[in-house]
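Understanding the architecture of this molecule
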Amino acid sequence: VQGSILTRAHYHAVLIYSTCVAGFLMMMAWGALLIPGDFFPEQARIVFMTVSFLRAISHVSLIYIYMLERAMAYRFLSVIQALAMCGGTLIAIIGAHHERGIWGLLLRDMASVLITSAGAWFFARSRIKFNVNSADMRPYRDVWHFGFRLGGIQLLEQVFHRLDGVLLGYFLGFQKAVELGYYSQAKYLSNIPNVA
């Protein structure tokens with residue numbers, strides 16, 4: 001969707017591909033929860049499913065964000081991000097005030113993802129102009145071939161990036177693995193200046 005030629009066929013191909021990938025990831029998440037064993041408590045399973053669902057929505061909404069970037073609609077992107085941050089933070093504060101614990105953070109992520117996705121979808125539909133429509137199937141083949149190649153690379157990247165945390169969490173046990181969360185939060189906070 002960031003290519004020099006963007007037809008409606010390219011847009012449809014990317015939308016179908018991303019939706020299929022998101023659906024596949026959700027099925028994998030459901031499958032992981034069906035694995036027998038008492039290693040993860042019920043609360044952890046609920047959190048895992050909720051975060052997986054939000055990541056699937058974010059995955060599809062990237063289409064519209066990339067289309068806005070291609071159109072250099074940075075004013076709209078800034079508005080979307082500001083609304084998402086303010087809405088998510090407000091939800092988190094309300095959750096903390098009512099002592100909702102981790103559920104307040106999940107509500108924050110949910111609000112941020114939904115605001116970002118809805119805003120990007122709305123602005124992209126009103127701003128993006130497609131090139132001539134094409135009935136050719138080549139855009140579908142190109143998108144899917146590119147997607148599978150890129151997906152394989154990203155899968156390896158994620159495996160090697162996450163493997164140490166997964167193994168440490170497994171060997172340390174659930175309670176001790178909370179310290180990995182603090183490490184993750186420290187990395188997140190240290191990256192704020194770069195994001196800003």
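Above this text you will find the structure in question.
This report concerns the structure included in the present document. Along each chain, residue indices are assigned from 1 in the same order as the chain's sequence is written. The predicted origin of the model limits local features to residues at a pLDDT of at least 70 and limits the giving and counting of side-chain atom pairs to 80 or more, whereas totals for whole chains, interfaces and linings rest on all residues. Side-chain measures were taken over the full set of non-hydrogen atoms in the model, leaving aside hydrogen atoms and water.

Concerning the overall build of the protein
As a reminder, the rule being used: What counts as a helix is a DSSP run of H or I of at least four residues, what counts as a strand is a run of E of at least two, and both are numbered from the N terminus. Whether a residue is buried, partly exposed or exposed follows from its accessible area with a 1.4 Å probe, protein chains only, as a fraction of its type maximum: under 20%, in between, or over 50%, in that order.
Along its length, the protein carries seven helices and zero strands. Listing every helix and strand of the protein by position from the N terminus yields α-α-α-α-α-α-α. If one aligns the C-alpha atoms of the protein with their principal axes, the spans along those axes are about 55 × 35 × 30 Å. Burial statistics for the protein: of 196 residues in total, 27% are counted as buried.

Focus: the pattern of salt bridges
Cut-off, in case you're wondering: Salt bridges, as used here, are contacts in which a Lys or Arg side-chain nitrogen is within 4 Å of a carboxyl oxygen on Asp or Glu.
Counted according to the given criterion, the structure contains one salt bridge. When the shortest N-O distance is used, the salt bridge between Asp109 and Arg108 registers 3.1 Å. The class of Asp109 is partly exposed, set by a relative accessible area of 29%.

Let's talk about unusual backbone geometry
Look at Met72: it is not a glycine, yet its phi comes out positive at around 55 degrees. Take Met72: it is sitting in the loop between helix H2 (42-70) and helix H3 (74-97).

Focus: helix H4 (residues 102-127)
Short version of the rule: Working rule for helices: expected span equals 1.5 Å times residues minus one. Two residues qualify as a contact provided that any one of their heavy atoms is within 4.5 Å of a heavy atom in the partner residue.
Along its 26 residues, H4 runs 37 Å from first to last C-alpha, staying within 8% of the 38 Å computed at 1.5 Å per residue. Three or more residues of H4 are buried, namely Gly104, Leu106, Ala111, Ser112, Val113, Thr116, Ser117, Gly119, Ala120, Phe123 and Ala124. Taken together, the buried residues of H4 touch H2 and H3.

Details of the packing of H2 against H4
Note the cut-off: Axis lines are fitted to C-alpha atoms, over the contacting stretch for helices. Their N-to-C directions set the angle, which ranges from 0 to 180 degrees. Angle categories: roughly parallel below 35 degrees, roughly antiparallel above 145, roughly perpendicular from 65 to 115, and oblique for all the rest. Here a crossing is taken to be left-handed if its near helix is turned anticlockwise relative to the far helix by less than a right angle, and right-handed if that turn runs clockwise.
H4 packs onto H2 with a crossing angle of 20 degrees between their chain directions and a minimal axis gap of 9 Å. In terms of axis orientation, H2 runs roughly parallel to H4. When you trace H2 past H4, the crossing you get is left-handed.

As for the side chain of Ser117
Positionally, Ser117 belongs in helix H4. What makes Ser117 buried here is its relative accessible area of 13%. Those residues in contact with Ser117, other than ones at most four positions away along the chain, are Ile57 and Ser61.

What to know about the side chain of Ser18
Following the sequence through the fold, Ser18 ends up in helix H1 (residues 8-34). The exposure class assigned to Ser18 is buried, which follows from its relative accessible area of 7%. Not counting residues up to four positions away in its chain, the partners in contact with Ser18 are His59, Val60 and Ile63.

Here's the deal with a nonpolar patch on the surface
What counts here: Residues with no salt bridge and a relative accessible area higher than 30% make up the patches, which join like charges within 9 Å and nonpolar side chains (Val, Leu, Ile, Met, Phe, Trp, Tyr) within 5 Å. Areas reported as accessible are Shrake-Rupley estimates using a 1.4 Å probe. Residue values count occlusion only from the protein chains shown.
Taken together, Leu155, Leu156, Val159, Phe160, Leu163, Leu167, Tyr170 and Phe171 make up a surface patch of nonpolar side chains, about 900 Å² in accessible area. Topologically, Phe171 is positioned in helix H5 (residues 138-172). On the basis of relative accessibility, which here comes to 66%, the residue Phe171 falls in the exposed class.

Comments concerning the environment of Arg141
Looking at the secondary structure, you find Arg141 in helix H5. For Arg141, a relative accessible area of 45% translates into the label partly exposed. For the pair formed by Arg141 and Pro41, sequence separation is 100 residues and the distance between their alpha carbons is 43 Å.

Distances and angles like these do not, on their own, reveal function.
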